[in-house]
Amino acid sequence: MLKAKDIMTREVITVKESATVRDLAALLLTSNISGVPVVDDDGKVIGVVTESDLIFQNKKVHLPTAFALLDAFVFLERPGKMEQELKKMAGSKVGDICSRKLVSVTPETELDELATLMAEKNIHTLPVMNEGQLVGVIGKSDIIRTIAQGM
């Protein structure tokens, strides 16, 4: 069975959390990639940002559904979720829009587990970490290329 180390891109493009959203868009376009790991000033991976995060910024504002009950409003969705969405939509820096719930794999993670993670968690970009160090990245295109080559 193929492993992450067999299909990962080893020359990883990263972006600092302080980069502007406009710089991120240009980076993704010129590098022909759909997502990158986000690093802090010390080079530590703190999250991932993808094309979906950029597209999210341009969506319509969704107001939470609520109804009045006596003298109070009852929200049918979490008000905190709306606050998070508004912050992300108004963000001007990569750190404002990136996903900080880092899901990563090791070089030894097998292909079927990679595919399962991507499908079940709707992940587009998986950092490959070895002892806390970023050693590669796997995107959906890497999985598709592996399938096309006959694994």
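The structure under discussion appears in the preceding block.
As a starting point, this report considers the structure included with it.

### A few points about the layout of surface pockets
And step 1. By volume, the second largest pocket amounts to about 280 Å³.
And step 2. Taken together, 19 residues make up the lining of the second largest pocket; nearest its centre are Ile33, Gly35, Val137, Ser141 and Asp142.
And step 3. Every element with two or more residues in the lining of the second largest pocket is listed here: strand 2 (35-39), strand 7 (133-139) and helix 7 (140-148).
And step 4. For the lining of the second largest pocket, the element with the most residues is helix 7, which contributes four residues.
And step 5. Across the lining of the second largest pocket, the residue classes tally to seven nonpolar, eight polar and four charged.

### Remarks on the pairing of strand 3 (residues 45-50)
And step 1. For strand 3, the buried fraction is high: six of the six residues fall into the buried class.
And step 2. Sheet analysis places strand 2 next to strand 3, joined by five bridges and oriented antiparallel. Paired with Gly35 across the bridge in strand 3 is Thr50.
And step 3. Hairpin connection of strand 2 to strand 3: five residues between the antiparallel strands, including Gly43 at a positive phi of 85 degrees.

### A closer look at the packing of helix 6 (residues 111-121) against helix 7
And step 1. Look at helix 6 against helix 7: their axes get within 11 Å of each other, and the N-to-C directions meet at 135 degrees. Taken together, the axes of helix 6 and helix 7 are oblique relative to one another. As for the relative orientation of helix 6 and helix 7, their crossing is left-handed in sense. Contacts between helix 6 and helix 7 involve Leu111, Leu114 and Met118 on the former and, on the latter, Lys140, Ile143 and Thr146.
And step 2. Across the contact of helix 6 with helix 7, the residue classes tally to four nonpolar, one polar and one charged.

### Regarding the pattern of salt bridges
And step 1. Inspection of every chain in the model, using the stated rule, returns four salt bridges.
And step 2. For Glu108, the salt bridge is made with Lys3, and the minimal N-O distance between the two is 2.9 Å. With a gap of 105 residues between them, Glu108 in the loop between helix 5 (94-97) and helix 6 and Lys3 in the segment before helix 1 (4-7) connect regions that are remote in the sequence.
And step 3. Looking at Lys3, the relative accessible area reads 24%, which means it is partly exposed.
And step 4. The partner of Lys5 in a salt bridge is Glu108, and the shortest N-O contact between them spans 3.0 Å.

### Concerning the sheet that holds strand 1 (residues 15-16)
And step 1. In space, the three strands of this open sheet follow the order 1-2-3, with mixed pairing throughout. Lying at the two open borders of the sheet, with one neighbouring strand each, are strand 1 and strand 3.
And step 2. Sitting on the sheet, helix 2 (residues 21-31) is in contact with strand 1, strand 2 and strand 3, with an inclination near 135 degrees to strand 2.

### Section: unusual backbone geometry
And step 1. For Asn32, which is not glycine, the phi dihedral falls at a positive 55 degrees.
And step 2. You can call Asn32 exposed: its relative accessible area is 71%.
And step 3. Positive phi outside glycine occurs at Glu131, with the angle close to 55 degrees.
And step 4. Relative to the helices and strands, Glu131 resides in the loop between strand 6 (125-130) and strand 7.
And step 5. The exposure class assigned to Glu131 is exposed, which follows from its relative accessible area of 79%.

### Quick notes on helix 7
And step 1. Of the positions making up helix 7, those classed as buried are Asp142, Ile143 and Thr146. When helix 7 is viewed along its axis, its buried side chains cluster within an angular range of 100 degrees and face the same direction. Exposed positions of helix 7 whose direction lies more than 90 degrees from the buried face are Ile144, Ile147 and Ala148.
And step 2. The elements touched by buried residues of helix 7 are helix 1, helix 6 and strand 7.

Conventions used here
Residues numbered from 1 in each chain as written. Predicted model: local features only at pLDDT ≥ 70, side-chain atom pairs only at ≥ 80, totals over all residues. Heavy atoms only, no water. 1 Å grid on protein atoms, 1.4 Å probe; cavity = no way out; pocket = protein on both sides within 12 Å on 5 of 7 lines; lining within 4 Å. Points joined across faces, edges and corners; volume = space filled by probe spheres on them. Helix = DSSP H or I, 4+ residues; strand = E, 2+ residues; numbered from the N terminus. Nonpolar A, V, L, I, M, F, W, Y, C, P; charged D, E, K, R; others polar. Buried < 20%, exposed > 50% of the residue type's maximum accessible area, 1.4 Å probe, protein only. Pairing = 2+ DSSP bridges. Axes fitted to C-alpha atoms, helices over the stretch in contact; angles between N-to-C directions. Parallel < 35°, antiparallel > 145°, perpendicular 65-115°, else oblique. Left-handed = near helix turned anticlockwise from the far one by under 90°. Contact = heavy atoms within 4.5 Å. Salt bridge = Lys/Arg side-chain N within 4 Å of Asp/Glu carboxyl O. Arc of directions from axis to C-beta.

On their own, these measurements won't tell you what the molecule is for.
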